[in-house]
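These are the residues of each chain, in order.
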Amino acid sequence: MLDGTIGNSFFERFCDARELSNWEAGNSSISLQNFIRTREVNYEKFCSSYWPRFNAKLTKQLDSSRVFTEIMSHIKGGLRSGEDCDGRLNEDDYVKLSEGRVSTLSRHERVIVYDIFQDYEKMKRKEGEFDTADLVIDLHRRLQSERYEGDMMDFVYIDEVQDLTMRQIALFKHVCKNASEGFVFCGDTAQTIARGIDFRFEDIRSLFYNEFVLESKSATNDGKKEKGQISKCFQLSQNFRTHDGVLRLAQSVIDLVYHFFPSFVDILSPETSLIYGEAPIWLESENEDNAVVRIFGNNGSVGGQMVGFGAEQVILVRDDLAKNEILKYVGRQALVLTIVECKGLEFQDVFLYNFFGSSPLTNHWRVVYEYMKDEGSLDASWSSPSFNPVKHNILCSELKQLYVAITRTRQRLWICENVGEFSKPMFDYWKKRCLVQVRKLDDSLVQTVQVASSPEEWKSRGYKLLHQGNYLMATICFEKAKDTYGEKLAKAFGLRADADRLLGLNPEMASTNRRQAAEIFYSIGKAEHAAECFYILKEYQRAGQIYLEKCGESALERAAECFLLAGCYKTAAKVYARGNYFSKCLSVCTKGKLFDMGLQYIQYWKQHANADEIIRSSKDLNELKQKYLKSCAHHYHKADDKRKMMKYVQAFDSMSSIRTFLQSLDCLDELLLLEEEAGNFLEAANIAKSRGQLLREADLLGKGARFEEATLLILWFVFANSLWLGGSTGWPMKQFAEKEKLLTKAKSFAKKFSNQFYWLVCLEADILLNKPSNLFLMKQYLSASQRHKSTREDQISNNRVSTETLVYFWNFWRDTIMKIFEYLDHAEVQDASDFRRYGEFCLNYFGVRRQFFNDVNPVYLLLNSDAEWLRKLNVQRVLGNQNHFSLSLHQFISAARNYWRAELLFVGLQVLKKLEVFYNGSSDRNSFSSFSRSRSLIQIYEVASFLLNSKLLKNQHADKYLPLKVVQLSTRDFFNFIFPTDWRESLRENMISLRGTKISRDLLGDVIFEWIRSKNRLSYAETGKVALIILGSGQLNSELYGEILDRLQWNEAWKNFIGSLKEDRGSPISTTGHINESVGENRSSESTTASAAGYIKEPIVLKFHKALQDTYEANWRISPVCFLYLIERYLFLLSYSFEGYFFTTETTFVEWLIYQDGTPCSTSSSKATKQQSLENLLQFVIDMVHHFLYNPRQAKEWIKNSHLSEKKYHSLLVLRLVVIISLVHLNFGKGPDLLLNLLEEKNVKELLPREFYDTLHKAHTLNIDLNVLAEAFKSIRNPLIIVSVAGHCPKFGCQDAIFVDMKVNPCKDEILRVLFPKSGSSQGYTADSSGAAIYDEGKSTKVVPSSSSGSMSDQYLKTQNQNENDMPFNQSHFWETIEALKEVGEIEDQCTFMSYASKLRVYLGKCISLLNAAAEELRQKKPTDSEDNSFSRESISTLNEMKQLQTQLEPSELELESSISIVGALCEELHSRKSTLEPFLQQLFLQKDD
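Residues numbered from 1 in each chain as written. Predicted model: local features only at pLDDT ≥ 70, side-chain atom pairs only at ≥ 80, totals over all residues. Heavy atoms only, no water.

Student: Just give me the short version of the overall build of the chain, but keep the residues and values in it.
Tutor: Helices and strands together make up the secondary structure of the chain, namely 69 helices and 19 strands. Per-residue burial over the chain gives 54% buried out of 1490 residues. Excluding contacts between residues fewer than 6 apart, the proportion of contacts in the chain whose partners are at least 24 apart in sequence is 69%. When the accessible surface of the chain is split by element, carbon and sulfur atoms take 48% of a total near 67,800 Å². (Helix = DSSP H or I, 4+ residues; strand = E, 2+ residues; numbered from the N terminus. Buried < 20%, exposed > 50% of the residue type's maximum accessible area, 1.4 Å probe, protein only. Contact = heavy atoms within 4.5 Å. Areas by Shrake-Rupley, 256 points an atom, 1.4 Å probe, with all protein chains shown as cover.)

Structure follows, in structure tokens:
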């Protein structure tokens, strides 16, 4: 891993390691090597630095060695550790290990161990240290995702495998794939005494099978795991090191392990030896003297003939504490080692001292007696404790240490104990087996154990101990060998080891020891070790000097590293250059600001690039050069010296690298200049764009031949500045200094693109210069340049236009603004494609440009940061970069929403003011018709309702004043226009069309609401008006019906009638549908819904009768105008389907058609009542007529009480009553005498219209029949209507009556065409000899349109378009269609309008095709400055208008209310060009015909 075979080093995660090696010091870096040595947590550091800091309540229950072993071999290094994602067992899994048969720890103890482990990990991270398990876990993690790049092995032999954890062993599978025969693991589980290791060969077998064999099979079989085999364990039972006596003693220890801990050791055959030797000696001191003192003296000094131990003899003790105690007595007369230290070593003689006396088992060794009883070597009656795995868990480790100690000797083994009580069980055990001989420690034995060694033997032993890291004992050996060099070397290593150990405990002492070690190393020629010590002491310059002068060429890199850390950059660079470490040399030059020196080295290396040794050890010089130049440029960039920075940037190898570098530093101005100088105009334009330099961008686009883009950018710049420059509030556009100059430049760019585009830009420039001053150009502005359309009424007010045009423009503008609000509502949603064009308009209007940087979220850049619409934004939230400002999408949406709200309210109020002025002015001028004034009221109501009801507008009280005022004006006056005193006024076709609109019905609903909102009950007059509105519109919402009925609780008759109108809604007719099959049948008006609602269950005509009779008997508290309207509708109900046909007047029939318009209702038949009841119902009408005609004084009083003019209305009252009695006579044959007598009454005669009276009077002597009445009705402009309902109507030879067959004419619009035929019009109806209605195509009926008209039928358009391509096409047809549609405001029915729209769309398609071809031919034949240039411009403008008109005639566009007005405006513009275009079109049509 350190050589880079698995990516980056594990140690890069440690800050200190990164800092020490951040100059590419590499894996051989001395800083990294020293970091590893000083920051690794081994068992010694765990005990000294960590164990004392753990919770004492936890540590007192466990041994540090056991805890460290559990952490390293089970939690972080066990078989199951690799299964967890972080390479560590979680607490639950670890605690469950207590359930296994090999566990010696209880659940409680494992919980404590895991708590200590978690504290250990926290401390270790805080200290920036690591242990071997961390390194192994990291290797496994990275090897799962990264490929091992190091050398692969064919065969791997691993000795002393018992000293490795399972996760360490698992690493070998990555370096050798030969799982079948490539691995040999060798070890002895009985010698598993290494700290932190818990080992069994059975675990290795399991690991090898699952992670070596099976994974290898899976890799070679496409991921399918196959069973594999592993070889059996082979035992090396022949021992060549020691003799049979020692082996038998060692086997006795192993037997105990087998017995008590069968799962903790591999059961093997006993070892044998061909060498015979005496049994080990159990020493017993005389008089209980200390055996060590007896042998070596009391103070460790050499006295008399004492020789001491030789180089092949050793005293073994349990631990460092016992070792230090023995050294007090032994001094330097013998080697003293712990059992752990002696592992891997062997001696001729071993003196095992006080092993049992220092054992933590103390008297628990007595458990050995249990084994002796089991094997029969001890009497069963002998008292002995029973073995408890938890209580005696340390016994396994103790036995293994004892085994290691015994097997260290080749010849003699002496065992000596101070405490006989603890050692007695094992002594008895060995004595029973005759494995030891007991000797008294006397003088003769003392002389026997002392063996002298030669200097060479001492020297050899010294180096072995030195390599084992036992520097103190090595020093003793070198002293006895008289080897000064070895002595100093061992001493120096010892001082260095002490310094490492004291580093965190006593830094001052650690530095002192390390400096002493460095001086000793240097004095004996160990320069590298000396330099290393000085390096750790941070005496970098001295360390570097030693490496450079004493360590040869191989140490140049380390020398340079030291000079670098010392700040000697020039020396470091020279040393790196001397060793051909190019990259590091240049890095030092950069850090030391030795830029010229670096360039010199680069040039030198290039000149000598042919030398093989340089090529092999260097990276690509170009890459090195590029990296160095970047670092130089970075330096001067930080110093804000752009001139020097650019010197190095311009030396880069390629323009792409220059771009990348300067962009990364945001040096875009410098990059822009370079791109422009290099002729990369489009790249420079993109930079200017990112900098917000719009005009610079446009210039560069022009230089790059992107003329169209450059032109549009200038136009947008001019437009946005015209609106917002200098804190402007928006529309109207303002002038600024460079405006005309910029537009001239835009024209010059456009001319280079195409002539057509040039003329469009000229038109746009005229608009931006505020040249439009008439309605024609203003319409051009609205349709051709929608992205720049007006948002204020100023342009409209500057031109004298009709209210229709004003409202058309308002609706068109309002619809667009509402679409903008829809865009703003969806702008923060990813998929807002349906509103993209409105979003683009909104951004352009406000001078906001959306840009993307590095494919991340868009940035919204502001052209004018001081624009008025930005004033209310929190300034701190607008991000600025010098003069380049941006805002977030959320900020933009908020500001735009506030602006358009204010604009919508402002413009709406201005429109209302003008409409109010017009209406009030029309009230003073008799020249304005009722329709014009009604239409004005509807327009006022429509605009005001929008302003009051729109959820987008947060109206303040002051803002609501005008809308509320004009709404009250509308509700106050509208009723009298819809139901005039002269009921014949309602027959005007434009009024009928007006009443059919939704807005008219809404206004009538508000009229009712104004009457009832502040009252608890309705008067007779108000009730009559409410009934009249219901019967005259047919649509009220349920809520309003409920309010009305609540206020009619006092009048049961009217409540029942109004309630029936609400509940009984079966529709016999619709606008475009057919009459229901039920029409013509004798349907009862008995409604189940009415019954359910609690109303009286009886025919609706009877309820109507009771309501009218109640009103009549209340002394006529209702207006005669209203009452007679109701009487006529009452009579209509009685007449309907009375023999399959009936007679009525045109006014009443039209009222009924309006009532039936798409709203379900019921029309009852007189046959629903008995004949006697019909007589009574009719008699009520006859008596009412008789009463008022024969009592003129009461009639006049009624008129006066109703605040009507007696002079104007009395004659109308009389005429209306005579018409009513005439209809009674025609439909029911009643009242002929009354009619004849009335004609003789003077007061009647004088008040009737002359022609009407004469027509009736001349037939007086004969008979007043159908023809006479039809002629009379015609004379008063209220023709007689004969309505056939069931289709069995007899034929009448009456020329003055109008016949309507409800079966033949199922459509309301068709019926109206029958009622109002127009001679010379485009559409109409005549009657053939049979009386059937015949449709005559090519005529038109006209009425002023409503801006709230319904949507067009797509199905109808499809029908109209079936044979479009076969229609005759000539110039005459084209202009006829244009002329018809320019008056679109007067086309009444949708069928007619859609027919014309469909035809014109086809004509326009053909015209556009011809004009495109002709214009192209003209451009090719004649130069731009020719005489026909003006005509070319005219044709291009016409062509654009045609395209816009064709778009507006699409069915989807015609669904919008505002589109109809635009169609009319565009047709008017085309028609105004007729004289100019006719010669050209004629030539085109002739060419087409040819």
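Student: Got a sec to walk through the nonpolar core? Specific residues and values, please.
Tutor: Counting residues in each nonpolar core, the largest one holds 344 residues, and the members touching the most others are Trp 430 and Trp 900. Top element by residues in this core is helix 43 (residues 889–923). It accounts for 15 residues. Counting 24 residues, the second largest nonpolar core, distinct from the first, contains Trp 51, Val 67, Met 72 and Met 123. (Core = buried A, V, L, I, M, F, W, Y, C linked by side-chain atoms within 4.5 Å.)

Student: Kindly report on the packing of aromatic side chains, identifying the contributing residues and their values.
Tutor: The tally for this structure, following the rule as stated, stands at 76 aromatic pairs. Residues Tyr 899 and Trp 900 carry aromatic rings whose centres are separated by 5.1 Å and whose planes lie at 75° to one another, so their mutual orientation is edge-to-face. Arranged with centres 5.2 Å apart and planes meeting at 90°, the rings of Tyr 1020 and Trp 1050 form a pair that is edge-to-face. You can see Tyr 1020 sitting in helix 48 (residues 1020–1033) and its partner Trp 1050 sitting in the loop between helix 49 (1038–1046) and helix 50 (1052–1063), a full 30 residues away along the chain. The exposure class assigned to Tyr 1020 is buried, which follows from its relative accessible area of 11%. Of the residues examined, Trp 1050 reaches a relative accessible area of 29% and is grouped as partly exposed. Of the aromatic side chains, those joined through ring pairs into one cluster are Phe 719, Trp 724, Phe 841, Tyr 845, Phe 846, Tyr 860, Trp 869, Phe 892, Tyr 899 and Trp 900. Just above the ring of Tyr 758 sits the side chain of Lys 751; from NZ or CZ to the centre is 5.2 Å. Between Arg 814 and the ring centre of Phe 946, over which it is positioned, the NZ or CZ distance is 5.4 Å. (Phe/Tyr/Trp six-rings, centres within 6.5 Å; stacked < 30°, edge-to-face > 60°. Lys NZ or Arg CZ within 6 Å of the ring centre and 35° of its normal.)

Student: Could you give me a rundown of the sheet that holds strand 15 (residues 1141–1145), with the residues and numbers involved?
Tutor: The 3 strands lie next to each other as 15-16-17, forming an open sheet whose pairing is mixed. Each edge of the sheet is formed by a strand with only one pairing partner; in this case those strands are strand 15 and strand 17 (1298–1301). Across the sheet, the mean angle from the axis of one strand to that of its neighbour is 25°, orientation sign disregarded. Bridge analysis of strand 15 against strand 16 (residues 1280–1284) gives 5 bridges, and the strand direction is antiparallel. Paired with Phe 1143 across the bridge in strand 16 is Ile 1282. Contacting strand 15, strand 16 and strand 17, helix 54 (residues 1146–1155) runs over the sheet at an angle of about 105° to strand 15. Contacting strand 15 and strand 16, helix 57 (residues 1206–1228) runs over the sheet at an angle of about 170° to strand 15. (Pairing = 2+ DSSP bridges. Axes fitted to C-alpha atoms, helices over the stretch in contact; angles between N-to-C directions.)

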